[in-house]
Amino acid sequence: MDNYFQKVKEYLLDLGYAISYENQEDGLIVIENESQGIKNLVLVIADPLLIVEQFIIELKNPTADTYKQLMQKSRDVIHGAFVLDESGKKVLFRNTHELENLDLNEIEATFNSLAMLLGEYSNEILKLSKN
């Protein structure tokens, strides 16, 4: 895992992301790029996978329609998707990669997809967070 951890960390630095937390032993890195709306994005290096998660919103009173809207929007997301935590109330963006074949373009595409999602869907996300 040490090699993969360093590889991922180098990609993040090459892409200009600020690392706010890292724990090599746990395979955990937290990054930020506020100009793209990315704050506390969590990367978990769990060989053979890299898991990328960004908390989006907490739903106060989710309905079937709320979940339907999130599922429909997930279809438009180029890389990654909306997922729910165990409670069914926290909405996250999540994407996974195979570490063995991971390259800079793949991880950059994930971040660009998230930034685009946050930019294009921000009004709807705000509405969902108030329900």
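Structural data are supplied above this passage.
Keep in mind the model is a prediction, meaning the values are calculated, not measured.

Procedures and definitions
Residues numbered from 1 in each chain as written. Predicted model: local features only at pLDDT ≥ 70, side-chain atom pairs only at ≥ 80, totals over all residues. Heavy atoms only, no water. Phe/Tyr/Trp six-rings, centres within 6.5 Å; stacked < 30°, edge-to-face > 60°. Helix = DSSP H or I, 4+ residues; strand = E, 2+ residues; numbered from the N terminus. Buried < 20%, exposed > 50% of the residue type's maximum accessible area, 1.4 Å probe, protein only.

Draft legend 1. Fine view of the packing of aromatic side chains. Overall, the coordinates contain two aromatic pairs when judged by the stated rule. With a centroid separation of 4.7 Å and 55 degrees between ring planes, the pair formed by Tyr17 and Phe111 is classed as tilted. Taken as a pair, Tyr17 in the loop between α1 (2-14) and β1 (18-23) and Phe111 in helix α3 (residues 104-130) lie far apart in primary sequence, 94 residues in all. Neither Tyr17 nor Phe111 differs from the other in exposure class; each is buried. Note on Phe82 and Tyr121: the rings are 5.9 Å apart at their centroids and 45 degrees apart in plane angle, and the pair reads as tilted. Placement of Phe82 in strand β5 (residues 81-84) and of Tyr121 in helix α3 is noted, with a sequence separation of 39 residues between them. Each member of the pair Phe82 and Tyr121 is classed as buried.

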